[in-house]
Amino acid sequence: MAEYDLTKTIIPHCDRHLVFPLLAHLAESDLFPVEQVQTAQYELAKETNMVDYAVSLFEQTHPDEHVPPEFADKREKAVSTNEQLQQEAQAVLDVIENPEVAQSLRQDKNQNLQFLRDHYNVTLEHITALYNFGKFQYSYGNYSGAADYLYHFRVLSTDPDLTISSHWGKLACDILTGKWDVALEELNSLREAIDSRAPSHPQFAAPSSTADPALAQLHSRTWLLHWSLFVYFNHPQGRTLLLETFLSPTYLNTIQTSSPWILRYLATAAVLSRKSASGALSSRVRHSIREIVKVIQMEEYQYQDPVTQFLKELYVDFDFEAAQKELSKAEVVVSNDFFLGDFRDDFMDNARYLISEAYCRIHQRIDIGDLSERLNLSRDEGEKWIVNLIRETRMGADAKIDLEKNVIEIHRPPLPIYQSVIEKTRGLAFRTQALGAAMSRTQQPPGVQDAAQPAVVEAQ
Amino acid sequence: MSRFFRAAGDSDSDSSSSEEEELMSSDDEAPKQAAPAAKPAMSRFLKSAGDSDSDESSDEEESEMSSDEEEQPKPKPKLGRFVHGASSEDESDEDVKRVVKSARDKRLDEMEATGKSMDNALKINDWVAISTEFDKLARMVQRQQNVSEPVPPFYIRTLVNLENSLNVAVAKDKESKKKMNASNARALTAVKQKVKKLLKEFEKEVKRFQEDPEAFEREYQTTVQPEVAPAATKVKKAKKAEEDEDEDFMTVGKGGKAVHYTPESIFKHLQVVQEARGKKNTDRTEQIRILEKLLEVSVTSYQRIRVLLALIASRFDYNSSVATHMSAELWTSAQKEVDQLISIVATDSGYSIQEITEDYDDLAERAPATESDGVVRIRGSVISFVDRLDDEFTKSLQNIDPHGTEYVDRLKDEKELYSTICRAQALYEKTKQEDPLARVIMRRLEHIYSKPDPVVLALEATVATSDLKPSAILSADDKTSSLIHSLCVHLYKSGNSLLRTRAMLSHIYHFALHNDFHTARDMLLMSHLQDSIGNADVATQILYNRTVVQLGLSAFRCGLIKESQATLHEIFATQRVKELLAQGVHQQRYQVLSPEQEKVERQRQLPFHMHINTELLEAAFLVSTMLVEIPVLASIESEEQKRKAISKPFRRLLDFADRQVFTGPPESTRDHIMQASKALQDGEWEKCRDLIQSIKIWSLMPECAAVKEMLAKRIQEEGLRTYLFTYAPHYRTLSLTLLAKTFSLPLRAVTSLVSKMIWSEELQAALDQSAGVVVFNRVELTRTQQLAQTLADKVNALVEQNEKALDQKLGVSSGWGERADGGKGDKRGEQTQERSRRGDRSRGGARGGARGGRGARFAQGLGSQMAGNTQRNR
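Residues numbered from 1 in each chain as written. Chains lettered and ligands numbered in written order. Predicted model: local features only at pLDDT ≥ 70, side-chain atom pairs only at ≥ 80, totals over all residues.

- If you check an unreviewed UniProt entry, chain B appears there as Eukaryotic translation initiation factor 3 subunit C from Ganoderma sinense ZZ0214-1.
- Recorded in UniProt under Sequence similarities (unreviewed entry), the annotation for chain B is "Belongs to the eIF-3 subunit C family."
- Annotation of chain B in UniProt includes, under Subcellular location (unreviewed entry), the sentence "Cytoplasm". (UniProt positions renumbered as here; feature names shortened; annotations may be inferred.)

- Within an unreviewed UniProt entry, the label attached to chain A reads Eukaryotic translation initiation factor 3 subunit E, and the organism entered is Ganoderma sinense ZZ0214-1.
- UniProt's Subunit (unreviewed entry) comment on chain A is quoted here verbatim: "Component of the eukaryotic translation initiation factor 3 (eIF-3) complex."
- Per its UniProt entry, chain A bears the Sequence similarities (unreviewed entry) comment "Belongs to the eIF-3 subunit E family."

Things to note about the overall build of chain A
Okay, so step 1: Within chain A, the secondary structure is distributed over 25 helices and three strands.
Okay, so step 2: The buried share among the 460 residues of chain A stands at 34%.
Okay, so step 3: Sequence-distant contacts, at least 24 apart, represent 56% of the contacts inside chain A between residues at least 6 apart. (Helix = DSSP H or I, 4+ residues; strand = E, 2+ residues; numbered from the N terminus. Buried ≥ 20, exposed ≤ 12 C-beta atoms within 10 Å, placed from the backbone. Contact = placed C-beta atoms within 7 Å.)

Considerations on the overall build of chain B
Okay, so step 1: Summing up its helical and strand segments, chain B has 41 helices and five strands in all.
Okay, so step 2: Scored against the burial criterion, the 874 residues of chain B give a buried share of 39%.
Okay, so step 3: Nonlocal contacts in chain B, meaning residues at least 24 apart in sequence, comprise 70% of its contacts between residues at least 6 apart.

Side note on helix α3 (residues 34-46) of chain A
Each α-helix turn comprises 3.6 residues. Residues three or four places apart therefore point the same way.
Residues and elements named next belong to chain A.
Okay, so step 1: End to end, α3 covers 18 Å across 13 residues, agreeing with the expected 18 Å (1.5 Å per residue, within 8%).
Okay, so step 2: Buried within α3 are the following residues: Val37, Ala40, Gln41, Tyr42, Leu44 and Ala45.
Okay, so step 3: For α3, the secondary structure elements touched by its buried residues are α2 (16-28) and α4 (51-61). (Expected span 1.5 Å × (residues − 1).)

Considerations on the packing of helix α15 (residues 328-347) of chain B against helix α16 (residues 382-399) of chain B
Residues and elements named next belong to chain B.
Okay, so step 1: Running from N to C, α15 and α16 cross one another at 155°; their axes reach a closest spacing of 11 Å. In terms of their interaxial angle, α15 and α16 are classed as roughly antiparallel. In the packing of α15 onto α16, the handedness of the crossing is left-handed. Facing α15, whose interface residues are Trp331, Ala334, Gln335, Val338, Leu341 and Ile342, α16 presents Val382, Phe385, Val386, Leu389, Glu392 and Phe393.
Okay, so step 2: Partitioned by chemical class, the residues of the contact of α15 with α16 number 10 nonpolar, one polar and one charged. (Axes fitted to C-alpha atoms, helices over the stretch in contact; angles between N-to-C directions. Parallel < 35°, antiparallel > 145°, perpendicular 65-115°, else oblique. Left-handed = near helix turned anticlockwise from the far one by under 90°. Nonpolar A, V, L, I, M, F, W, Y, C, P; charged D, E, K, R; others polar.)

Things to note about the confidence of the model for chain B
Residue and element names in this part refer to chain B.
Okay, so step 1: On average, residues of chain B carry a pLDDT of 71, and 69% of them reach 70 or more.
Okay, so step 2: Confidence drops under pLDDT 50 across residues 812-874; counting only partners more than four residues distant or on other chains, this segment forms 133 contacts.
Okay, so step 3: What the predictor reports for the complex is a pTM of 0.67 with an ipTM of 0.75. (pLDDT = per-residue confidence, 0-100.)

Side note on the sheet that holds strand β4 (residues 765-768) of chain B
Okay, so step 1: Read from one edge of the open sheet, six strands run β2(A)-β3(A)-β1(A)-β4(B)-β5(B)-β3(B), paired in mixed fashion. In this open sheet, the two edge strands, each paired with only one partner strand, are β2 (399-402) of chain A together with β3 (733-735) of chain B. Each neighbouring strand pair of the sheet contributes to a mean axis angle of 20°, computed without reference to strand direction.
Okay, so step 2: Across three bridges, the pairing between β3(B) and strand β5 (residues 773-776) of chain B is antiparallel. Along β5(B), the bridge assignment pairs Thr733(B) with Val775(B). (Pairing = 2+ DSSP bridges.)

Structural notes on helix α19 (residues 434-448) of chain B
Residue and element names in this part refer to chain B.
Okay, so step 1: Between its first and last C-alpha atoms α19 spans 21 Å; for 15 residues at 1.5 Å apiece the expected length is 21 Å, and the two agree.
Okay, so step 2: Of all 15 residues in α19, 12 are buried; the element is thus mostly enclosed.
Okay, so step 3: Within α19, the full set of buried residues consists of Pro436, Leu437, Ala438, Arg439, Val440, Ile441, Met442, Arg443, Arg444, Leu445, His447 and Ile448.
Okay, so step 4: Contact partners of the buried residues in α19: α16, α18 (414-431), α20 (453-465), α21 (480-493) and α22 (497-513).

Here we look at the confidence of the model for chain A
Residues and elements named next belong to chain A.
Okay, so step 1: Here chain A shows a mean pLDDT of 78. Residues at 70 or above account for 87%.
Okay, so step 2: Ranking the elements of chain A by mean pLDDT puts helix α25 (residues 446-459) last with 39 and helix α18 (residues 306-317) first with 89.
Okay, so step 3: Every residue in residues 199-210 is under pLDDT 50, and counting partners more than four places away or in other chains gives 21 contacts.
Okay, so step 4: Segment residues 445-460 is flagged for pLDDT under 50; beyond a separation of four residues in sequence, or across chains, it makes 20 contacts in the model.

Things to note about the packing of α18(A) against helix α19 (residues 320-336) of chain A
Residues and elements named next belong to chain A.
Okay, so step 1: Interhelical geometry of α18 versus α19 gives an angle of 160° and a closest axis separation of 7 Å. When the axes of α18 and α19 are compared, the pair comes out roughly antiparallel. Every pair of crossing elements has a handedness; the one defined by α18 and α19 is left-handed. Residue-level inspection shows Pro306, Val307, Gln309, Phe310, Glu313, Leu314 and Asp317 of α18 in contact with α19, the latter providing Ala322, Ala323, Glu326, Leu327, Lys329, Ala330, Val333 and Val334.
Okay, so step 2: Looking at the contact of α18 with α19 residue by residue, the class counts come to 10 nonpolar, one polar and four charged.

Here we look at the environment of Thr751(B)
Okay, so step 1: Mapped onto the elements, Thr751(B) comes out in helix α36 (residues 747-759).
Okay, so step 2: Expressed as a C-alpha distance, the spacing of Thr751(B) and Leu739(B), which sit 12 residues apart in the sequence, is 9.6 Å.

So, the environment of Ile344(B)
All names here are of chain B.
Okay, so step 1: Here isoleucine 344 shows up in helix α15.
Okay, so step 2: For isoleucine 344, a count of 16 C-beta atoms within 10 Å translates into the label partly exposed.
Okay, so step 3: For the pair formed by isoleucine 344 and tyrosine 302, sequence separation is 42 residues and the distance between their alpha carbons is 9.3 Å.
Okay, so step 4: What isoleucine 344 contacts, discounting residues up to four positions off in sequence, is Ser301, Arg304 and Ile305.

Examining unusual backbone geometry
Residue and element names in this part refer to chain B.
Okay, so step 1: Positive phi, close to 60°, is recorded for lysine 432, a residue that is not glycine.
Okay, so step 2: Note on placement: lysine 432 falls in the loop between α18 and α19.
Okay, so step 3: According to the C-beta neighbour criterion, lysine 432 is exposed, with 7 such atoms within 10 Å.
Okay, so step 4: In this structure, glutamate 703 is a non-glycine residue whose phi angle is positive, near 55°.
Okay, so step 5: When you line up the elements, glutamate 703 lands in the loop between α33 (685-693) and α34 (704-727).

Some remarks on the environment of Val408(B)
All names here are of chain B.
Okay, so step 1: Looking at the element boundaries, valine 408 is found in helix α17 (residues 405-412).
Okay, so step 2: By C-beta crowding, valine 408 is classed as exposed, having 12 other C-beta atoms within 10 Å.
Okay, so step 3: Residues valine 408 and histidine 609, 201 residues apart in the sequence, show an inter-C-alpha distance of 9.5 Å.

Here you go:
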């Protein structure tokens, strides 16, 4: 199943330190030879300041060789740099951690800077020292410390590039320390920061230089997508949030353009969040599967794996047998995946639900044995499963099991017409309101908009 | 020397070798110098006398007037001529006798040699050689006549002999037409005509010769002697005329002497030529000839570059404004000279040709050593020559009848042109001039983007053999797409947005041509070109239209019927396909184009070999529309809904076919498709398939067998869907196996199709697994219910429209004038309906929200710029 492993595709979009858990996972699963993974881990650690870890990895891979001497040098250097940077940063930290100062700090960053300079003689360089120290700490694996420093830095700094960079750093720290709530917050603020740096829209007539910010934005979004996988698949609310984020048009475009393999996670998240779908959720999540199937279909030429194929067979081709086959393949893929591994049982459960739901909607009379087979269950288990299904889902009233003939009979009365009309017109008022709001937000003179209106009506 | 005689009458342009020979000979003989100065005048004289449309004299007068006024250039040459004329007079008086004699003997010898080689060529039936030799001979004789010597009997004899052998050859040729190759045959006819003409000219002599060859020869011998004196007197007369000659002629006199002159005089001549350029009564042929001569005598690279620059320019000038395009010969020589120019500049880095240089003295010789930074900069522009060459090539293709052999012959020159372009690219790569480099790469790209692989390979093969190679060339085992890719990437990086756009479109076109529909589509959407194409120039809009159409065709070939229909729909809705693709001028019904408009339109037309076959296009469009539309037609019941047709043109055709009382066997492509549609409606998928597959035009599509197979499969599926839609009301249950048998589809496919229809609520039914049947549960709607539903739909559509209108207002803030119109276009885009959702408003990412609405602005592409009658057409 190694051909479906995405680790290799994902790694280029992750920070060096974020790759460690990925590789550790690979070492546990036996998709690749252990030696290869170990070598990779060593290569990875060599370039960081985590000297001890690198040395231990070296000893693991080369049991009968001596540790190269440069590690000792590096270690010394790292320690000395650490001390130096710490001294620089400590000065600022002392000031900031002073409760008086903390109270007098305001929203306005410039004002804060002025205040600090006037009263405590803290300049921009000092603040940058915070950043440097935080970064260095991160590089030798002290993530929580780094997170602290970067947080403080961000509060004070005005440099936009460094601020973004510290955002990334903080996010990585939070991910690596496993503080998912904090990480989620961080993720959202970073996302806002990226989105708000709206590049000028590359126009056909515009000179080439303006194309670059758009490209940079695309890059950061791609990175964000990958990093957010860590958060979304560990946070309890993660899957629905993932759907919300990834299905927003900008990120959907990013997925389609630069990283179609994310579709696997999107598809899995959609399957996983099926159960909660009955709750009150945004329409985007409720219709997520339909949306995703469309995207999968569109991007099929670029990317496909058992998970996406499963959805495609089920909802595009309605080929239940093929879907069943893909599902059994997908099970292996999911269990081997770093992010999805924990959700295997959930995934299988939900996928079965999806199959049977689709099956029941299309059929009027179903042989229980056949359905059990479709679900990869034994006959008795299948029956139990089906009963549960009928009880849990909305079709409870329509479906009856006829044990004598061993079939399920489903009588679904056609949807009353008034209901479909209500369904169709639902939300129109809201949408119109949103339109109005959007219109008033633009600073165009009202006359222009009025002129646009009749033209639209005409178009009807 | 011989040049002047050619000016007097001869039209052909080759045989520079004989010229050279002549020059050599005149070098040898010092006394001969006497003649040249005088003779040109005479020849000129003779010509103007013989000319039937002689406005010459008046011209001369005019030019005299003007030359009097024009103080500056005149005095020097005039003086020179005067002095020269005087000396020549003296000389000719004294030496003329001896001179003429020896010269004549020499000429006679030469003639005999030529005659001999003609005889040799006759033996091996090589008419090309005969033709050139004969031309040479005719020229010599003409010269002979100009010095007022009688025509030598040898010539007459040759003429008569030649006529005889010609008759034999023609007769032989008739028997075995196949054997002779094309160029030989052409030469043969040329010789035949020439001989005929000459025979008429020398009718008298020939008759005399035929009566008594020996007497004729004797007569010649006697006449030769007394002729000498009159020749001398004529020289005198000619001198007088010379004084009255126009400026044009003066250059001739000097050019003739250019043989052994210092480089300085080359520049002087050049200057004179350049001054005469563009004047009304300048003889362009003459100028070209002078420049050719100058080129031969020029020694240094600098001189050659200067002369070449002037020569190429005057070749392009040669055409009068009346002619539609440059003649092929002229073009070929211009092309050769551009090649020459490029290789001079490319091999010698001490010279560079630039459009903007500091002022320098036109008359001084320059060399890298004397320049301050070691580089001689010369004013001129290679890129403009290349551009012009390419444009002239296109123009000639536009004007030649595409169904004749001439067109094919002309098309063969593309190879040469392509290699010239590549050489220019190599040059600019070497000199690192970004702007012209981008332009020349664009030219190159335009030659290959729309061509299939073998053609590109053939073009590239010539490049590989040339001495100057650009950075990107195609080796035999490479793929063309890699070449196109590297060219395009270079252009993407260039600063010129127009070139970027065009490169992008060409790239997309190339992908589409190679059936890489997805990549092509993604590129087109990512480029956001559909938003801004309305602001582009017409040529780019045409390219855009071509690209979109090719994209549609590629979708069709890939079996993506829906996509193909949506893409092609836009352009067919305008009903001006040919015009939009620049493949023909549209006949306007209500307005007449002014001649200027028509001319402009004609200039835009693509040469025939680049056309996309519109009939094939229409077939693809109609078939895909049929496959999309017929099931939809079957599924809707109320008249209300019926009005919302997906494709109006198709619906119109179908209605028309319905009204037909009697339908005969199908003839045109349209007939085929219409009858197939009706068969499909009736559920006779086999008939439909046969009809569609018997359309002849498919053979023009690459991989036509695969396409036909794909179509057959689609027809089965759509036939099943149509059948279900049409007959569902009449059944309670329907066995799946029966359906599978009727449409000869596997049971699994049928189940899947039916399931899909049930799932998407197109069909109100359910499957009964144990019995293997479809159970229909249909509900009849009351009128009120129907109306309520329609109303809900409409309100929905209204809100969607409003959102879209707002989208466009907020989304793109460019100067796109017809917002509301664009919305209208979008509405039809079927894809948009699928993916309209609100969020699309924020168009941030590279792909933007506009994944739907593909090609929605299509019709506006040309519509907004052309006559502006798009509105009416909608």
